[in-house]
Amino acid sequence: MGTVEPQVAQSGDVQEVTDGFHLVIDALKLNGIDTIFGLPGIPITDFTRMAQAAGMRVISFRHEQNAGNAAAIAGFMTQKPGICLTVSAPGFLNGLTALANATVNCFPMILISGSSEREIVDLQQGDYEEMDQLAIAKPLCKAAFRVLHAEDIGVGIARAIRAAVSGRPGGVYLDLPAKLFAQTMDAEAGKKSLIKVVDPAPKQIPGTDAVKRAVDLLKGAKKPLIVLGKGAAYAQADADIRDLIERTGIPYLPMSMAKGLLPDTHEQSAAAARSYVLAEADVVMLVGARLNWLLSHGKGKTWGGTDHKAWGDQKFIQIDISPQEIDSNVRIDAPLVGDIGSCVSALLAAIDSNAGSSWAKPPADWLRAIAERKDKNLAKMAETLAKDPTPMNFHSALNVVRDIIKANPDAILVNEGANALDFTRSIVDMYKPRKRLDVGTWGVMGIGMGFSVAAAVVSGQPVIAIEGDSAFGFSGMEVETLCRYDLPVCVVIFNNNGVYRGTDVNPTGGPDVAPTVFVKGARYDKLMEAFGGVGAHTTTPAELRKAMEEAIRSRKPTLINAVIDEAAGTESGRITSLNPTSGKKK
Ligand SMILES: Cc1ncc(C[n+]2csc(CCOP(=O)(O)OP(=O)(O)O)c2C)c(N)n1
Ligand SMILES: [Mg+2]
């Protein structure tokens, strides 16, 4: 229990007192939270010092958005809310994008912001960094709280933790006004006011009728398919999920951050036949995957519909912790609402009692049709990867990354960009759960260095960040953070001189370059060298391989500038079609 200097009470007795600073630290520690990602300043500078003095890991960033992204992904990796700590108004706003992104992605995090004096803020009298932060945060996160009195800190932290991790996880805002930190109270009473949260993310057991409905649908399927989302990865029910897939023999598709839940090389993976299985499957079981844009909203031609809005003929089973997710885009025939661990184990039990060891594998012609397409596509891919063009392109560079991850399956792969994202996702196999961290539901740029810092801090494993040159720019200054904490992060920048490609020209012929084009031939490796890390400039797969192997071996912060053919990418990578095109006749 942190206390401040003893004070002499009116009675003359020496009274141990504590204060807001220490109560917040004690409340976090009591709940097993040992790391804070943040950026100091008024009113939280002393707080960061005291937290460090109390044995917490305080990781300071160069911009709050990166601290927020770090907190969010730490939450995803650990199932404990990641903590981001910011100063008032501008610091808070800088952290807010990460909070909103965490909420959209169902990552548990708590954004703790210091705030200015309530009385002045509420009368809008112009305080230092005045802003009604609570009101602004509220619509962008799962829950938002403010604590005004030291004796309420325990409750405030407990509510924030529960809101972040229970049910569907998400972002929580906790507003701590400057005055709160300085408040004092009796140390013993303070200690008693803290709450160690019991069972912060209670199991949610699915109903037996819902389980039966799902099993019956699966049993009758001629062309079943399982889609694993990042909710399935978050659940840490890895063994049961694998068991379910292997015992039923049903082909599965991993969404991006579910890659590695089973090794991507697993024979039941249908990833290399994605468009075929989505259009053809007759029963699709979604496990922690939402039917959002990433799955074409469960309808249209992707799903065998006759036009872009038409529903296909398949039936859906959906495992999700949130009842409101069900029927959000198309009809869900068998909703299975509960936490993924409980749902999957209930399914396994039902399958056992239903069929014992005699659960029939899916019809052979379905498996054969998938295998044929897979083999064809994988052979085509192998051919492309074997090429060694000059200049290096996404494929020849990623052939190297693919080998490095295969040799280092515990390494964590962070990935952002457009082409740099899409090609990496499809080419680089993952072998273990929660090793691929990327732009998620929004396709947001800027997660790169925040995710990398957190991944290294939380896991101690080497991190490889595959970054588009544009994507990297959003958080690039954090290479100093990588060096400051000496983190085993190898940043590889796929440098194609711009957003999507480096070949656009200004149609006017004027001196400004096109909006998508950067300084050509930039040497990002020198940025890392500026802070004492290792920089490498590579133009061939052989050079890239050598530099990556050295980075993994040395565990030194490394930045590899990988020069990629500036004409190799496509507009927006795989999602070109989402760009609006004018209906105006030319
Ligand atoms: C916060 C944010 N701003 C802008 C975008 C739009 N955007 C999508 S991908 C991308 C960058 C693509 O370029 P790069 O990272 O160099 O990848 P490349 O395709 O060139 O490999 C941008 C700016 C976004 N997704 N998120
Ligand atoms: Mg680029």
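Cut-offs used in this document
- Residues numbered from 1 in each chain as written.
- Chains lettered and ligands numbered in written order.
- Predicted model: local features only at pLDDT ≥ 70, side-chain atom pairs only at ≥ 80, totals over all residues.
- Heavy atoms only, no water.
- 1 Å grid on protein atoms, 1.4 Å probe; cavity = no way out; pocket = protein on both sides within 12 Å on 5 of 7 lines; lining within 4 Å.
- Points joined across faces, edges and corners; volume = space filled by probe spheres on them.
- Helix = DSSP H or I, 4+ residues; strand = E, 2+ residues; numbered from the N terminus.
- Nonpolar A, V, L, I, M, F, W, Y, C, P; charged D, E, K, R; others polar.
- Near = heavy atom within 4 Å.
- Polar contact = N/O pair within 3.5 Å; in protein donor to acceptor, adjacent residues only side chain to side chain.
- Areas by Shrake-Rupley, 256 points an atom, 1.4 Å probe, with all protein chains shown as cover.
- Expected span 1.5 Å × (residues − 1).
- Bend = angle between axes of the 7 residues up to and from the residue.
- Buried < 20%, exposed > 50% of the residue type's maximum accessible area, 1.4 Å probe, protein only.
- Contact = heavy atoms within 4.5 Å.
- Donors = N, O, S within 2.8 Å, 3.2 Å for Na, K, Ca; no water.
- Pairing = 2+ DSSP bridges.
- Axes fitted to C-alpha atoms, helices over the stretch in contact; angles between N-to-C directions.
- Right-handed = clockwise from strand over helix to strand, strands pointing away.
- Core = buried A, V, L, I, M, F, W, Y, C linked by side-chain atoms within 4.5 Å.
- Phe/Tyr/Trp six-rings, centres within 6.5 Å; stacked < 30°, edge-to-face > 60°.
- Lys NZ or Arg CZ within 6 Å of the ring centre and 35° of its normal.
- Salt bridge = Lys/Arg side-chain N within 4 Å of Asp/Glu carboxyl O.

A. A look at empty space enclosed by the protein. Considering all chains together, one arrives at 1 cavity of 30 Å³ or more under this definition. Its volume calculated, the largest cavity comes out at about 30 Å³. Forming the walls of the largest cavity are Q65, N69, T97, A98, N101, V444, M445, G446 and I447. Ranked by residues supplied to the lining of the largest cavity, first place goes to helix α4 (residues 89–105) with 3 residues. Classifying every residue of the lining of the largest cavity gives 4 nonpolar, 5 polar and no charged.

B. Structural detail: the site of ligand 1. Surveying the vicinity of ligand 1 reveals 17 residues, the closest of which are N419, G443, D469, S470 and A471. The backbone of N419 places a nitrogen or oxygen atom 2.8 Å from an oxygen atom of ligand 1. Between an oxygen atom of ligand 1 and a side-chain N or O atom of N496, the distance comes to 2.9 Å. Look at ligand 1: alone it shows 590 Å² of surface, and the protein chains cover 75% of it. Of all elements in the fold, only α17 (419–427) and α19 (469–473) reach the threshold of two or more residues within the shell around ligand 1. Broken down by element, the shell around ligand 1 gets its largest block of residues, 3 residues, from α19. Tallied by class, residues from the shell around ligand 1 come to 9 nonpolar, 7 polar and 1 charged.

C. Inspection of α4 at higher detail. Taking 1.5 Å per residue as the helical rise, α4 with its 17 residues ought to reach 24 Å, and the 24 Å between its terminal C-alpha atoms agrees with that figure. Taken as a whole, α4 carries its principal kink of about 30° at G95. Taken as a whole, α4 has its buried residues at A89, G91, F92, G95, L96, A98, L99, A100, N101, A102 and N105. Tucked into the core, α4 has its buried residues touching α3 (64–78), β6 (82–86), β7 (109–115), α6 (133–137), β9 (171–177) and α11 (230–234).

D. Local environment of α17. Of all 9 residues in α17, 7 are buried; the element is thus mostly enclosed. For α17, the set of buried residues is N419, A420, L421, D422, F423, T424 and I427. Contacts made by the buried residues of α17 are with α15 (364–386), α16 (394–407), β16 (412–416), β17 (436–438), β18 (463–468) and β19 (489–495).

E. Spatial organisation of unusual backbone geometry. Cis geometry is found at the peptide bond from I42 to P43, where omega equals 5°. Following the sequence through the fold, P43 ends up in the loop between β4 (35–38) and α2 (45–53). Backbone torsion omega between T390 and P391 reads -5°, so that peptide bond is classified as cis. Relative to the helices and strands, P391 resides in the loop between α15 and α16. The residue Q79 is not glycine, and still its phi comes out positive at about 65°.

F. Focus on the coordination of the magnesium ion (ligand 2). Bound to the magnesium ion (ligand 2) on the protein side are D469 (OD), N496 (OD1) and G498 (O), at distances that span 2.0 to 2.1 Å. Looking at G498, the relative accessible area reads 3%, which means it is buried.

G. Spatial organisation of the sheet that holds β16. Spatial ordering of the open sheet is given by β17-β16-β18-β19-β21-β20, a layout of 6 strands whose pairing is parallel. Here the strands that pair on one side only, and so sit at the sheet edges, are β17 and β20 (534–538). Going across the sheet, the axis of each strand differs from the next one's by a mean of 15°, ignoring polarity. One ladder, built from 6 bridges, connects β19 with strand β21 (residues 558–563); its direction is parallel. Opposite C490, over in β21, you have T558 as the bridge partner. Along the sheet, α17 contacts β16, β17, β18 and β19; its crossing angle with β16, the most-contacted strand, is approximately 140°.

H. Geometry of the environment of L228. Along the chain, L228 turns up in strand β11 (residues 224–228). On the basis of relative accessibility, which here comes to 1%, the residue L228 falls in the buried class. Taking the C-alpha atoms as reference points, L228 and V287, 59 residues apart in sequence, are found 5.0 Å from one another.

I. A look at the sheet that holds strand β15 (residues 334–337). The parallel open sheet is built from 5 strands, whose spatial order is β12-β11-β13-β14-β15. Of all the strands in the sheet, the pair left with one neighbour each is β12 (252–254) and β15. Strand after strand, the sheet turns through a mean of 15° between neighbouring axes, direction not considered. Pairing of strand β14 (residues 315–320) with β15 involves 4 bridges; the strand directions are parallel. Opposite I317, over in β15, you have A334 as the bridge partner. Against the sheet, helix α12 (residues 238–248) engages β11, β12 and β13 (283–287), with an angle of about 165° to β11.

J. Expanded view of the pairing of β16. The element β16 is extensively covered by neighbouring structure, given that 5 of its 5 residues are classed as buried. In this sheet, β18 lies alongside β16 in parallel orientation, the contact comprising 5 bridges. For V414, the partnering residue across the bridge sits in β18 and is A465. Two elements, β16 and β17, share 3 bridges in a ladder whose sense is parallel. Along β17, the bridge assignment pairs N415 with D438. Handedness of the β16-α17-β17 crossover: right-handed.

K. Seen up close, the nonpolar core. Counting 91 residues, the largest nonpolar core has L228, I241 and L437 as its most contacted members. Ranked by the residues each element gives to this core, the list is headed by α3, at 8 residues. Among all residues touching L228, those that are not within four sequence positions of it are I241, I245, Y252, L253, P254, M255, A258, L261, L262, V287 and A289. If you look at the next biggest cluster of nonpolar residues, it comprises 38 residues, including V24, I25, F181 and L194.

L. Up close: the packing of aromatic side chains. Overall, the coordinates contain 11 aromatic pairs when judged by the stated rule. Ring pairing ties together the aromatic residues F21, F47 and F181, which thus form one cluster. The positively charged end of R373 is found above the aromatic ring belonging to Y276, 3.9 Å away from the centroid.

M. Layout of the pattern of salt bridges. Following the criterion strictly, the structure yields 26 salt bridges and no others. A salt bridge links E480 to R62; the nearest nitrogen and oxygen atoms lie 3.0 Å apart. You can see E480 sitting in helix α20 (residues 479–484) and its partner R62 sitting in the loop between β5 (57–60) and α3, a full 418 residues away along the chain. With a closest N to O distance of 2.9 Å, D320 and R168 form a salt bridge. Here D320, found in strand β14, pairs with R168, found in the loop between α7 (153–165) and β9; they are 152 residues apart in sequence, far enough to count as distant. The exposure class assigned to D320 is buried, which follows from its relative accessible area of 5%. Linked by salt bridges that have partners in common, R62, E480 and R484 make up one network.

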